[in-house]
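Remarks on the overall topology
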Amino acid sequence: MSDVLYDQHRAAAEASGGISDGPIYDLVIRLCRGHQVAGDLLDFGAGTGTLLRLLRNAGFPVTATGADILPRPAGLPGDTQWVECDLNQPLPLPYGAFDVVVSSEVIEHLENPRAMFRDLFRVLRPGGLLILTTPNQASLRSLLALVLTGHFLAFRDRAYPAHITALLRTDLSRICAETGFERPEFAYTARGGVPKAGNLTWQGLSFGLLRGRLFSDNLAVVTRKP
């Protein structure tokens, strides 16, 4: 890979800030609890290390590794491993190294989602769990943006070049099938902005009653390696 391409990928990662929103992290933690996550865990696209810290603070019995094109963030616990690499390329990690992979708001930044899934399949052990989040293109807010601007909400010009790959649930299901994963389950953040309404959310207007696909800005994919 050329230095120019690496620098482009690094600049795009830096533009994203290396962090996700609180409701997204809350969803990942909830799913980790529901699946009783334990063992060797990889945070694929660990950014500033926020999710790794949250997992540790939540008391999950894991040995943690972070991977990102960004350098190891300051303040990570000393026993957390860090792999600095371009996530558009295969990870420099061995086959079957992890019981769990989490990846929060990363796949939309990468050029080839199928290559990503194949590599995560490679580094997972049989029965290993994958929890991945990405913007929800099928929310009312995103669909309205598509109609009015010609692009999904999280992929308009202001999000470029950080966000480059928009995926629907159907795409994610197909990718799981093509790359060997089990049929995925989907979950939602239950936090979604009201179109053209500033910081108002559907949940705030409805006392939390409006949830799910139409009213959440982000979704999670949960699947396993057979």
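Nothing here was measured: the structure is a model prediction, and the numbers come from that model.

Each value, and the rule that gives it
Residues numbered from 1 in each chain as written. Predicted model: local features only at pLDDT ≥ 70, side-chain atom pairs only at ≥ 80, totals over all residues. Heavy atoms only, no water. Helix = DSSP H or I, 4+ residues; strand = E, 2+ residues; numbered from the N terminus. Polar contact = N/O pair within 3.5 Å; in protein donor to acceptor, adjacent residues only side chain to side chain. Axes fitted to C-alpha atoms, helices over the stretch in contact; angles between N-to-C directions. Parallel < 35°, antiparallel > 145°, perpendicular 65-115°, else oblique. Left-handed = near helix turned anticlockwise from the far one by under 90°. Contact = heavy atoms within 4.5 Å. Nonpolar A, V, L, I, M, F, W, Y, C, P; charged D, E, K, R; others polar. Pairing = 2+ DSSP bridges.

Quick look at the side chain of S216
- Along the chain, S216 turns up in the loop between α7 (202–205) and β7 (218–224).
- A distance of 3.0 Å separates a polar atom in the side chain of S216 from the backbone nitrogen of A190.
- Polar contacts involving the side chain of S216 include one to the main-chain carbonyl oxygen of G212, which spans 2.9 Å.

Quick word on unusual backbone geometry
- Along the chain, Y160 connects to P161 via a cis peptide bond; the corresponding omega equals 10°.
- Among the structural elements, P161 can be located in the loop between α5 (140–149) and α6 (169–179).

Section: the packing of helix α2 (residues 22–34) against helix α3 (residues 50–57)
- Contact pair α2 / α3: the axes reach a minimum separation of 11 Å and the direction vectors enclose 40°. By the criterion of interaxial angle, the relationship of α2 to α3 is oblique. For the element pair α2 and α3, the recorded crossing hand is right-handed. Note on element contacts: α3 touches α2 through T50, L51, L54 and L55, opposite Y25, V28, I29 and C32.
- Of the residues that constitute the contact of α2 with α3, the class distribution is seven nonpolar, one polar and no charged.

Points about the sheet that holds strand β3 (residues 81–84)
- Read from one edge to the other, the open sheet built from seven strands follows the order β3-β2-β1-β4-β5-β7-β6, with strand pairing classed as mixed. On the outer flanks of this sheet lie β3 and β6 (185–188), each paired with one strand and no other. Taken pair by pair, the neighbouring strands of this sheet meet at an average axis angle of 20°, ignoring direction.
- Pairing of strand β2 (residues 62–68) with β3, which is carried by four bridges, proceeds in the parallel orientation. Paired with G66 across the strands is W82, a residue of β3.
- Its contacts with the sheet place α2 against β4 (98–104), β5 (124–135), β6 and β7, and it is angled at close to 25° to β7.

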